[in-house]
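The lines below spell out each chain.
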Amino acid sequence: MYLLQEIIFVFFTLLTLVSAVYMAITTNVIYAAFSLLLTFIGVAALYIFASAEFIGLTQIMIYIGGILILIVFGVMLTNKVGNQPIRAKSINTVSGLLLSSALFTLLMNSIMEINFSKLPWIKNGLMVSGNTTPIIGVNLMTQYLLPFEIIAVLLLVALLGASLIAGRKDN
Amino acid sequence: MITLVILALVGLFLMIAGLFDISRKAVFGVAMTGMVAALAGNLYMWDKVPMAYFNRMILIDNYDVAFITAVLGVSMFLFLLSENYFGKIQNYLTEHYALYMFSLVGMIAMISFNNLVMLFIGIEILSVSLYILAGSEKNNLSSNEASLKYFLMGAFATGILLMGITLIYGASGSFYLSGIEQYFTSGNELSPIAYIGMFLVLVGMSFKVSVAPFHFWTPDVYDGSPTFVTAFMSTVVKIAGFAAFFKLFYICFSSVIHYWVEVVSVLVILTVTIGAMTAITQKSVKRLLAYSSVSHAGYMLMVVLVGADADNLMFYVVAYSISSIVAFSVLMLVQEAAGNAEITSFEGLAKVNPLLGFAMTVSMLSLAGIPLTAGFMAKVYILTSVFNAGHGIVVLVAILTAMVGIYYYFKVIIAIYFKTATEERKLFTYNSSSLFKIVLFIGIIAIIVLGICPDIIHNLI
């Protein structure tokens with residue numbers, strides 16, 4: 001049972017990593033979009049592994065169901081502007097590699113040094129077992145009510161912006 | 001809290017009003033009334049017991065009231081100049097007004113936040129509104145470029161900021177400022193993710209307030225956006241950004257100041273130097289003001305560096321905002337008459353239109369920090385407190401770059417007074433309405449009065 005869990009975990013981790021790297025290095029935009037799909041699925045699975053199934057499902061619904069479809073359509077509709085297939089070239093390879101490996105080392109080092117069991121709030125925190133969705137729902141309606149309401153303004157601004165940008169031009 | 005609700009409702013009301021055929025003046029009137037009402041609701045909170053709302057998501061004390069007043073006051077001041085800008089917008093006029101109202105909602109959320117979730121949502125509301133407003137001249141390619149560039153860079157910085165907030169939550173187990181403060185002051189060994197979280201939040205916030213080396217978007221975005229939006233971004237938005245920046249670092253991270261004080265002082269030195277050095281070569285006054293706003297961000301960051309004296313920050317942002325608005329209002333008029341924002345367009349302005357020439361001169365003097373202006377007193381206060389905190393090198397660099405600053409600000413003054421206008425330019429009519437004149441008069445008087453008796457605003461908080 002334990003072994004099976006590990007195998008599944010490693011499978012999804014590898015899926016996420018390999019597809020993410022492929023997305024970064026491929027020059028074909030459509031391939032990149034589809035490997036992004038695999039990355040999202042892998043991350044969603046990892047969320048579910050961390051018993052955050054609400055976030056996992058949200059990830060699938062929003063990123064795969066919404067954003068990715070948008071990206072794929074965007075790529076397909078703009079793929080051939082003037083009969084020239086869009087190629088994503090890598091530029092600034094050296095400086096980019098340096099910067100990202102520095103960030104990687106920094107994050108890796110600190111993650112290795114964290115003693116998770118020692119963090120006070122994890123030690124004192126309650127283990128959540130079972131379904132987390134009702135807890136999130138109750139919290140959104142009580143403690144996090146104000147942010148929940150104000151996000152409405154953010155979404156309204158985003159909608160306004162979309163319609164302003166897509167709307168007709170001034171003469 | 002009531003301020004936030006009023007502004008959100010006014011925004012909604014304006015959007016609905018767009019369905020009906022109402023005049024431009026009425027829309028302007030509604031927006032101004034909304035801001036006045038919001039300001040009144042805000043001032044009512046002055047000197048009351050700090051009030052917490054909605055499970056302490058928002059906590060309003062004198063600091064917040066003062067900065068919200070500054071934000072609302074400066075935007076009302078700026079809106080008096082909006083006639084030409086809004087006059088050019090043919091479609092979706094009320095929607096543009098609504099965006100300004102919503103961006104004010106975002107600013108109020110990010111000033112009065114007591115929980116990092118509120119801070120983040122506030123910054124997002126503000127940024128998304130600004131991405132759209134930067135591109136509001138749809139037929140102008142550089143406005144489109146500004147919008148897209150700001151959006152891409154801003155989204156990246158948002159990601160970094162969010163990651164920082166997450167890591168701080170991972171270390172402290174709280175989004176509340178008091179919880180984070182408790183974690184940092186507890187004396188226990190800090191988790192490594194707390195440091196990285198702090199660092200990433202610093203980077204994210206520095207980006208949002210355009211502190212070097214995260215300022216690369218600033219010149220292009222400020223230059224490409226419509227001048228009114230540029231004025232809005234470099235004054236009102238900067239006040240809100242620094243109010244949030246200072247509050248976050250003052251409350252949460254001041255107990256571990258020795259971990260980040262060197263990083264911030266390097267940022268300060270880089271910002272004032274890069275801002276001043278790159279401003280020298282600029283030929284366009286708009287770009288010059290963009291670089292000068294980077295350099296002024298360095299001064300405001302010094303208050304974060306000291307980690308005390310919020311009243312210095314308050315005075316600086318007010319002095320800087322008033323001077324900038326006067327400069328931008330002259331720039332708007334000159335730009336409209338001459339068709340561009342080059343320094344050469346200002347040549348001989350003093351003879352053609354003495355009021356505009358004088359106003360520009362006073363604001364340039366204030367931005368450069370010449371005595372008897374508000375800008376001078378603001379710099380004195382901040383540099384004194386930085387010096388007392390023991391950052392001698394920062395003060396030295398700041399004074400040196402301020403001298404460089406005098407050079408490029410005076411380039412404009414010299415163009416105004418000591419160059420003669422071309423024959424063609426002598427015939428320009430500067431379409432200054434009475435509102436422009438009122439703003440210029442109030443601005444000039446405020447700059448000089450604050451320069452002589454700064455205690456009107458200083459020591460308030």
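Just so we're clear, the structure is a prediction, and the values are computed from it rather than from any experiment.

Asks: Mind showing me how you'd approach the overall build of chain B here?
Replies: Helix and strand content of chain B: 20 helices and 2 strands. Rg of the C-alpha trace for chain B: 21 Å, near the compact-globule value of 23 Å for 461 residues, within the 12% margin. In terms of overall dimensions, chain B has C-alpha extents of about 75 × 55 × 40 Å along its principal axes. Here chain B holds 461 residues, and the buried ones make up 64% of them. Long-range pairs, those at least 24 residues apart, make up 80% of the contacts in chain B between residues at least 6 apart in sequence. On chain B, roughly 16400 Å² of surface is accessible, and the fraction owed to carbon and sulfur atoms is 69%.

Asks: I'm lost on the overall build of chain A in this one. Help?
Replies: Each helix and strand counted, chain A has 7 helices and 2 strands in total. Overall, chain A shows an N-to-C arrangement of helices and strands of α-α-α-β-β-α-α-α-α. Across the 171 residues that make up chain A, the buried fraction comes to 21%. A fraction of 56% describes how many contacts in chain A between residues 6 or more apart in sequence connect residues 24 or more apart. Accessible surface computed for chain A: about 12400 Å², of which carbon and sulfur atoms make up 74%.

Asks: Just checking my understanding: could you explain the confidence of the model for chain B for this structure?
Replies: Low pLDDT means the predicted atomic positions in that stretch should not be read closely. Residue and element names in this part refer to chain B. Residue-level pLDDT values for chain B average 91, and 99% of them are 70 or greater. Within chain B, the lowest mean pLDDT, 69, falls on helix H19 (residues 423-426), and the highest, 95, falls on helix H6 (residues 116-134). Model confidence for the complex is summarised by a pTM of 0.93, with the ipTM given as 0.90.

Asks: Can you walk me through the packing of aromatic side chains in this structure?
Replies: All names here are of chain B. For the structure on display, the rule yields 34 aromatic pairs over all chains. Between Phe86 and Tyr97, the aromatic rings sit 4.0 Å apart at their centres with planes inclined by 20°, giving stacked as the arrangement. Taken together, the positions of Phe86 in helix H4 (residues 83-88) and Tyr97 in helix H5 (residues 93-111) put the pair 11 residues apart, joining distant regions of the chain. With respect to class, Phe86 is no different from Tyr97; both count as buried. A centroid spacing of 4.7 Å and a plane angle of 10° characterise the contact between Tyr150 and Trp217, whose relative ring orientation is stacked. Of this pair, Tyr150 sits in helix H7 (residues 141-172) while Trp217 sits in helix H10 (residues 217-224), and the two are 67 residues apart along the sequence. When sorted by exposure, Tyr150 lands in the same class as Trp217, which is buried. An aromatic cluster is present here, built from Phe79, Tyr85, Phe86, Tyr97, Tyr100, Phe228 and Phe232 joined pairwise through their rings. Here the guanidinium or amino end of Lys48 rests over the ring plane of Tyr44, the centre of that ring lying 4.1 Å away. The lysine or arginine in question, Lys247, covers the ring of Phe113, its NZ or CZ lying 5.1 Å from the ring centre.

Asks: I'm lost on the interface of chain A and chain B in this one. Help?
Replies: It is common to report an interface's size as the accessible area lost on association of the parts. Contacts between chain A and chain B engage 30 residues on the former and 42 residues on the latter. Across the chain A/chain B interface, buried area totals approximately 3300 Å², and carbon plus sulfur atoms make up 75% of it. Between the two partners, chain A and chain B, sit 0 salt bridges. Applying the counting criterion to the chain A and chain B interface returns 4 residue pairs in polar contact (both at pLDDT 80 or more). Contributions of two or more residues to the side of chain A that touches chain B are made by helix H4 (93-113) and helix H7 (145-166) of chain A. Element by element, the count of residues in the side of chain A that touches chain B is highest for H7 of chain A, at 15 residues.

Asks: Quick question: what am I supposed to make of the nonpolar core here?
Replies: A general feature of soluble globular proteins is that nonpolar side chains tend to end up buried together. Within the largest apolar cluster, 202 residues are counted, with the highest numbers of intra-cluster contacts made by Leu248, Phe253, Met302 and Phe346 of chain B. Excluding residues that lie within four positions of it along the chain, Met302 of chain B makes contacts with Val268, Val272, Ile382, Leu383, Val386, Val394 and Ala398 of chain B.

Asks: Whenever I open this one, the packing of helix H14 (residues 310-338) of chain B against helix H16 (residues 354-368) of chain B confuses me. Can you help?
Replies: To describe two helices that pack against each other, one gives the angle between their axes and the distance between the axes. All names here are of chain B. The N-to-C vectors of H14 and H16 enclose an angle of 145°; their axes lie 9 Å apart at closest approach. As H14 packs across H16, the resulting crossing turns out to be left-handed. Counted together, Tyr320, Ser323, Ser324, Val326, Ala327, Val330 and Leu333 of H14 and Leu356, Ala359, Met360, Ser363, Met364, Ser366 and Leu367 of H16 form the full contact between these two elements.

Asks: Which parts of the structure should I look at to understand the environment of Ile444 of chain B?
Replies: Residue and element names in this part refer to chain B. Tracing the chain through its elements places Ile444 in helix H20 (residues 434-452). Separated by 81 residues in sequence, Ile444 and Ser363 place their C-alpha atoms 7.5 Å apart. Excluding residues within four positions of it along the chain, Ile444 makes contact with Val326, Phe358, Ala359 and Val362.

Asks: Which parts of the structure should I look at to understand unusual backbone geometry?
Replies: Comment: phi is negative for the bulk of residues other than glycine, and the bulk of peptide bonds are trans. All names here are of chain B. Following Ala212, the chain continues to Pro213 via a peptide bond in cis, the omega torsion being 0°. Here Ser210, not a glycine, exhibits a phi torsion of approximately 55°, which is positive. Residue placement: Ser210 occurs in the loop between helix H9 (192-208) and H10.

Asks: How should I be thinking about the pattern of salt bridges in this particular structure?
Replies: Charged atoms that come close allow side chains of opposite charge to pair. Residues and elements named next belong to chain B. On inspection of all chains with the given rule, the structure shows 5 salt bridges over all chains. Taking the shortest distance from any N to any O, the salt bridge between Lys247 and Asp64 comes out at 2.8 Å. Within this pair, whereas Lys247 is found in helix H11 (residues 227-251), its partner Asp64 is found in helix H3 (residues 62-79), the two being separated by 183 residues in sequence. When sorted by exposure, Lys247 lands in the same class as Asp64, which is buried. One continuous salt-bridge network, built from bridges that share partners, spans Glu145, Lys149, Asp220, Asp223 and Arg287.

Asks: What is the right way to read helix H1 (residues 2-25) of chain A from this model?
Replies: Because an α-helix packs 3.6 residues into every turn, residues spaced three or four apart end up facing the same way. All names here are of chain A. With 24 residues, H1 should reach 34 Å at 1.5 Å per residue; the first-to-last C-alpha distance of 35 Å fits that figure. Regarding H1, the residues found buried are Phe12, Thr16 and Ser19. Buried residues in H1 make contact with helix H2 (29-49).

Asks: I keep staring at a nonpolar patch on the surface and nothing clicks. Help me out?
Replies: Residues and elements named next belong to chain A. Taken together, the side chains of Leu4, Ile8, Phe9, Val10, Leu14, Leu17, Val18 and Phe49 present a nonpolar region at the surface, about 720 Å² in accessible area. It is H1 that provides the largest number of residues to the nonpolar patch, a total of 7 residues. With respect to the secondary-structure elements, Val18 resides in helix H1. Val18 sits in the exposed class, given a relative accessible area of 53%.

Asks: Would you mind showing me how to read the packing of H16 of chain B against helix H18 (residues 392-418) of chain B here?
Replies: Residue and element names in this part refer to chain B. In contact at an axis separation of 9 Å, H16 and H18 are set at 170° when each is read in the N-to-C sense. Judged on the interaxial angle alone, H18 and H16 are roughly antiparallel. The residues of H18 that touch H16, namely those facing Gly357, Phe358, Met360, Thr361, Met364, Leu365, Leu367 and Ala368, are Ile406, Tyr409, Phe410, Val412, Ile413, Ile416 and Tyr417. Looking at the contact of H16 with H18 residue by residue, the classes come out as 13 nonpolar, 2 polar and no charged.

Scoring rules and cut-offs
- Every residue gets a number counted from 1 within its own chain, in the order that chain's sequence is written.
- For this description, chains carry letters from A and ligands carry numbers from 1, given in the order in which they are written.
- In view of the model being predicted, local features appear only for residues whose pLDDT reaches at least 70, and side-chain atom pairs are presented and counted only at 80 or more, with totals across whole chains, interfaces and linings using the full set of residues.
- With hydrogens and water excluded, all non-hydrogen atoms of the structure serve as input to the side-chain values.
- Here a helix means four or more residues in a row that DSSP labels H or I, a strand means two or more in a row labelled E, and each is numbered from the N terminus.
- We take the radius of gyration over the C-alpha atoms and set the globule estimate at 2.2 Å times the residue count to the 0.38 power.
- Under the scheme applied here, a residue whose accessible area is under 20% of the maximum for its type counts as buried, over 50% as exposed, and between as partly exposed, the area being computed with a 1.4 Å probe on protein chains only.
- Note on definitions: a residue-residue contact is assigned when non-hydrogen atoms from the two residues lie within 4.5 Å.
- In short, Shrake-Rupley with a 1.4 Å probe defines the accessible areas, and a residue's cover is counted only from the protein chains shown.
- pLDDT expresses, on a scale from 0 to 100, how confident the predictor is about each individual residue.
- Any two of the Phe, Tyr and Trp rings considered here, Trp counted by its six-membered ring, make a pair once their centres fall within 6.5 Å; the pair's planes then place it as stacked at under 30 degrees, edge-to-face at over 60, or tilted in between.
- For a Lys NZ or an Arg CZ to count as sitting over a ring, it must be within 6 Å of the ring centre and within 35 degrees of the ring normal.
- Note on terms: buried area is the combined drop in 1.4 Å-probe accessible area of two parts once they are placed together, counting the loss on both.
- Think of a salt bridge as a Lys or Arg side-chain nitrogen and an Asp or Glu carboxyl oxygen that are within 4 Å of each other.
- Any N or O atom pair separated by 3.5 Å or less is treated as a polar contact, with the protein-specific requirement of one donor-capable and one acceptor-capable atom, and with residues adjacent in sequence counted only for side-chain atom pairs.
- Think of a nonpolar core as a cluster: buried Ala, Val, Leu, Ile, Met, Phe, Trp, Tyr and Cys residues, connected wherever their side-chain atoms sit within 4.5 Å.
- Angles here are taken between N-to-C directions and fall from 0 to 180 degrees, while the axes themselves are lines fitted to C-alpha atoms, restricted in helices to the stretch in contact.
- A clockwise turn of the near helix away from the far one marks a right-handed crossing, whereas an anticlockwise turn of less than a right angle marks a left-handed crossing.
- To estimate how far a helix should reach, multiply one less than its number of residues by 1.5 Å.
- Patches in this entry comprise residues that are over 30% relatively accessible and not in a salt bridge; like charges within 9 Å are linked, as are nonpolar side chains (Val, Leu, Ile, Met, Phe, Trp, Tyr) within 5 Å.
- Should an angle fall under 35 degrees it is taken as roughly parallel, and over 145 as roughly antiparallel, whereas 65 to 115 is taken as roughly perpendicular and any remaining angle as oblique.
- Ten residues, namely Ala, Val, Leu, Ile, Met, Phe, Trp, Tyr, Cys and Pro, are considered nonpolar, four, namely Asp, Glu, Lys and Arg, are considered charged, and the remaining ones, Gly among them, are considered polar.

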